[in-house]
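# What the coordinates show
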Amino acid sequence: MIAFPVLGALALATGTIMEKIVLRKRKISITAYQTAGFLALVLVMLPFIYFFWKMDSPALELKNILIFSLVILFSIAANLFAFYSLKWEKINNIEPARVLEPLFVILLAIVFSFFAAELYERNLKIIIPALIAGLALIFSHIKKHHLHFNKYFIAAILGSFFFALELVISRLILDFYSPITFYFLRCFSILLISFALFRPKLNNINKKVKFEILVVGIVWFVYRIIVYYGYLNFGVVFTTLMIMLGPIFIYLFAWKFLKEKLNWRNITAAFVIVGCVLYGVLG
């Protein structure tokens, strides 16, 4: 039951580290990265669409088309804000803002549960440990000298909020698609809009960076499909709780590959999150 969300957490950690490297260390603009990234995602998904295509007729109702349009709009905003903050600010300085996303997801899911109780769980045995884990995650990243509310930090907060909003409203129409179909249509729509708005010169991106973007696309594909699958089968809040294992993998990857030291906040948060996940699974 928990294998898929744990794999999703691992994919989240891997994708985050790789995306940071490409945006911070490679000479590529935000708009070019966004367009190239979604092109990579579309190409990655093309072989799967033939086998996993599913779109039920309710998806074509005006109400649901409008919801899907909001998903696209919020996704574009979220990515641009997130890439902007990642590109121009040190990771440590914006990480407290980035880790707000799971807490935003949980809070928004609670709000939406009052309007669509059948789609968003209201089980306190899941909500309470999820909130505790979310607060522990934020606590592990907040340091006084890092809380500079400059434009990059605010952009990171907005990115986290719009990602959370996009994910939560996606649940309203997710039943009408297979996870792969939904993600393909989302990414393809963003790709078309990005090309139309930014007209980036993708030929100027060297082959090494193109390959890195393709690998990042594969990782994000795995992550999002697992998240959507989790929403459909386990619930939004429970899946978010499980995905919060991702930062623990990030801590370990940063310690192993980037030679960053683990501090007591990271270790404490890791124990709290694991404890909350175990309570949510076994409680």
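The sections below set out a description of the structure shown in this document. (Residues numbered from 1 in each chain as written. Predicted model: local features only at pLDDT ≥ 70, side-chain atom pairs only at ≥ 80, totals over all residues. Heavy atoms only, no water.)

## Considering the overall build of the protein chain
What counts here: Each helix corresponds to a stretch of at least 4 residues labelled H or I by DSSP, and each strand to a stretch of at least 2 residues labelled E; elements are numbered beginning at the N terminus. The cut-offs for exposure are 20% and 50% of the maximum accessible area for each residue type, with area from a 1.4 Å probe on protein chains only; residues under the lower value are buried, those over the upper are exposed, and the others partly exposed. Contacts between residues were defined by any pair of non-hydrogen atoms, one from each residue, lying within 4.5 Å. Working definition of accessibility: Shrake-Rupley area with a 1.4 Å probe, residue cover restricted to the visible protein chains.
The secondary structure content of the protein chain amounts to 12 helices and zero strands. For the protein chain, the α and β elements follow one another from N to C terminus as α-α-α-α-α-α-α-α-α-α-α-α. Per-residue burial for the protein chain yields a buried fraction of 55% across its 283 residues. For the protein chain, restricting intrachain contacts to residue pairs at least 6 apart in sequence, the fraction spanning at least 24 positions comes to 90%. Of the roughly 13800 Å² of accessible surface on the protein chain, a fraction of 71% belongs to carbon and sulfur atoms.

## Re the environment of Thr 239
Formally: Pairs of N or O atoms within 3.5 Å make up the polar contacts considered here, provided that, within protein, one atom can donate a hydrogen while the other can accept it, and that residues adjacent in sequence are counted only when both atoms are side-chain atoms.
For Thr 239, the location among the structural elements is in helix 10 (residues 236-243). Given a relative accessible area of 1%, Thr 239 falls into the buried group. Sequence spacing of Thr 239 and Ile 126 is 113 residues, and the spatial spacing of their C-alpha atoms is 9.9 Å. Residues contacting Thr 239, with those up to four places away along its chain left out, are Val 227, Gly 230, Tyr 231 and Phe 234. Here Gly 230 takes part through its backbone oxygen, which lies 3.1 Å from a polar atom of the side chain of Thr 239.

## Some remarks on the packing of helix 5 (residues 101-113) against helix 10
Put simply, the rule reads: Note on method: axes are straight lines fitted to C-alpha atoms, helices fitted across the in-contact stretch only, with angles between N-to-C directions ranging 0 to 180 degrees. We call two directions roughly parallel when the angle between them is under 35 degrees, roughly antiparallel when it is over 145, roughly perpendicular when it lies between 65 and 115, and oblique otherwise. Working rule for handedness: look at the near helix, and if it is turned counterclockwise from the far one by less than a right angle, call the crossing left-handed; if clockwise, right-handed.
One can describe the packing of helix 5 onto helix 10 by two numbers: an axis separation of 9 Å at closest approach and a directional angle of 170 degrees. On the basis of their axis angle, the class for helix 5 and helix 10 is roughly antiparallel. Relative to helix 10, helix 5 is oriented so that their crossing is left-handed. Residues Pro 102, Val 105, Ile 106 and Ala 109 of helix 5 pack against Val 236, Val 237 and Thr 240 of helix 10.

## Here's the deal with unusual backbone geometry
It is generally the case that most residues other than glycine have a negative phi and that most peptide bonds are trans. You will see that Arg 199, though not glycine, has its phi angle at about 45 degrees, which is positive. Summarising the element assignment, Arg 199 is placed in the loop between helix 8 (179-198) and helix 9 (207-233). We classify Arg 199 as exposed; its relative accessible area is 67%.

## Remarks on the side chain of Thr 181
On the secondary structure map, Thr 181 appears in helix 8. Taking the relative accessible area as the measure of exposure, Thr 181 reaches 0% and is therefore buried. There is a polar contact of 3.3 Å between the side chain of Thr 181 and the backbone oxygen of Phe 52. Ignoring any residue separated from it by four or fewer positions in sequence, one finds Thr 181 in contact with Ile 49, Phe 52, Trp 53 and Lys 54.

## Let's talk about the packing of aromatic side chains
This is how it is decided: Aromatic contacts are taken between Phe, Tyr and Trp rings whose centres are within 6.5 Å, Trp giving its six-membered ring; a plane angle under 30 degrees counts as stacked, one over 60 as edge-to-face, and the others as tilted.
Considering all chains together, one arrives at 17 aromatic pairs under this definition. A ring pair is formed by Phe 184 and Phe 188, whose centres lie 5.9 Å apart and whose planes are at 5 degrees; its orientation type is stacked. Within this pair, Phe 184 and its partner Phe 188 are both found in helix 8, separated by four residues, close to a single helical turn. These aromatic residues form a ring-pair network of at least three members: Phe 68, Tyr 177, Phe 182, Tyr 183 and Tyr 228.

## Concerning the pattern of salt bridges
Applied cut-off: In the sections that follow, a salt bridge refers to a side-chain nitrogen of Lys or Arg positioned within 4 Å of a carboxyl oxygen of Asp or Glu.
Per the stated rule, a full pass over the model turns up four salt bridges. Between Glu 166 and Arg 186 there is a salt bridge whose closest N-O contact spans 2.8 Å. With Glu 166 in helix 7 (residues 151-170) and Arg 186 in helix 8, this pair connects stretches of sequence that are 20 residues apart. For the pair shown, Glu 166 and Arg 186 are each scored as buried. The partner of Glu 166 in a salt bridge is Arg 224, and the shortest N-O contact between them spans 2.7 Å. One end of the pair, Glu 166, is in helix 7; the other, Arg 224, is in helix 9, with 58 residues separating them in the sequence. There is no split in this pair, since Glu 166 and Arg 224 are both buried. A network of salt bridges, in which partner residues are shared, links Glu 166, Arg 186 and Arg 224.

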